[in-house]
Amino acid sequence: MSFQHDVHKRGESQYTPSMSQPSIVRYREFYASPLGRVVRRQLFHAVHQHWPELRDDVVAAMGYATPPLRPFLRQENGPAQIFPIMSAQQGAMTWPDHVKNRAVLVHLDRLPYADHSFNRLVLLHCLEHADSQHQLMEECWRILTPGGRMLVMVPNRASIWARRSSTPFSAGRPYSREQLREVVCHRFTHIETSSHLFVPPSASRWMQQLASLIEQCGQMLPFCLGGVTVMEVEKQIYAGLGERVDKKGPVYVPVARPALSRQG
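Below, the structure is looked at part by part. Note that the structure is predicted; figures quoted are calculated from it, not measured.

### Some points on the sheet that holds strand β3 (residues 104-106)
Then, in step 1: The seven strands are arranged β3-β2-β1-β4-β5-β7-β6 in an open sheet whose pairing can be described as mixed. Among the strands making up the open sheet, the edge pair consists of β3 and β6 (189-196). Here the strands of the sheet are splayed against their neighbours by 20° on average, with no regard to which way each runs.
Then, in step 2: Bridge count between strand β2 (residues 81-87) and β3: three bridges; the pairing is parallel. Bridging from a neighbouring strand, M86 pairs with L105 of β3.

Shown next, in the form of structure tokens:
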């Protein structure tokens, strides 16, 4: 299965991707495959590494970020709610299964949410497909609460995952750490960056069985070998006192009240 598609143009958009975004069907098929289950598990560990507890948090899963978030639904300290926000370019599917649907299909540069709607955002298969990275970051900033955190997961430009057409990480624009920081930290404050998915994108069963061990060893290797770069940032609002203006107001001088005579 190949995730590469024909080259297409987008007029005057800031970014013309070399490959269109895979459909929701392709994403679902990949994450249901043996290799996709390995990826899903490793990305869950990545989220859990940055956010070990999400109790009472309201999380927006943008792009196709539901696979690594699904295990949180079964945890007692999991988030209060998870809302999948899926791109109109890829399509949408109901989520989670067998309960009331929470997924929405939107244009990511015009999100139908009020300001400060979420205190956690997770972007996966999202930023690398954005027509306007700047507008996407502006919308993420708008819907995130002050002090809220965001995890941005993107393909690592230097990894083999960005070159293997059988995975969704080969579609869209991959990033180096410096490129990702330039795009994201223009609006947010950087907290931490980590690398994940060191296992090769192989269909080999024994390779997949050793995925956890390979991931542990990979954390000691150069970050450029990881297939996915995960950057955690925070929305901080700095309040100032404003410009000081010295104004001369009236001066009150105490005056002794004259005593009244008995006749008065």
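### Points about helix α2 (residues 34-50)
Then, in step 1: The terminal C-alpha atoms of α2 lie 25 Å apart, and with 17 residues this matches the ideal 24 Å at 1.5 Å per residue to within 8%.
Then, in step 2: What α2 keeps buried is the set L35, G36, V38, V39, Q42, L43, F44, A46, V47 and H50.

### Some thoughts on the packing of helix α1 (residues 24-32) against α2
Then, in step 1: Where α1 meets α2, the axes come as close as 4 Å, and the angle between the chain directions of the two elements is 85°. With respect to α2, the element α1 is oriented roughly perpendicular. Two secondary-structure elements touch here, α1 through F30, Y31 and A32 and α2 through P34, L35, G36, R37, V39, R40 and L43.
Then, in step 2: Along the lines of polarity and charge, the residues of the contact of α1 with α2 split into seven nonpolar, one polar and two charged.

Here is what the cut-offs are and how they apply
Residues numbered from 1 in each chain as written. Predicted model: local features only at pLDDT ≥ 70, side-chain atom pairs only at ≥ 80, totals over all residues. Heavy atoms only, no water. Pairing = 2+ DSSP bridges. Helix = DSSP H or I, 4+ residues; strand = E, 2+ residues; numbered from the N terminus. Axes fitted to C-alpha atoms, helices over the stretch in contact; angles between N-to-C directions. Expected span 1.5 Å × (residues − 1). Buried < 20%, exposed > 50% of the residue type's maximum accessible area, 1.4 Å probe, protein only. Parallel < 35°, antiparallel > 145°, perpendicular 65-115°, else oblique. Contact = heavy atoms within 4.5 Å. Nonpolar A, V, L, I, M, F, W, Y, C, P; charged D, E, K, R; others polar.

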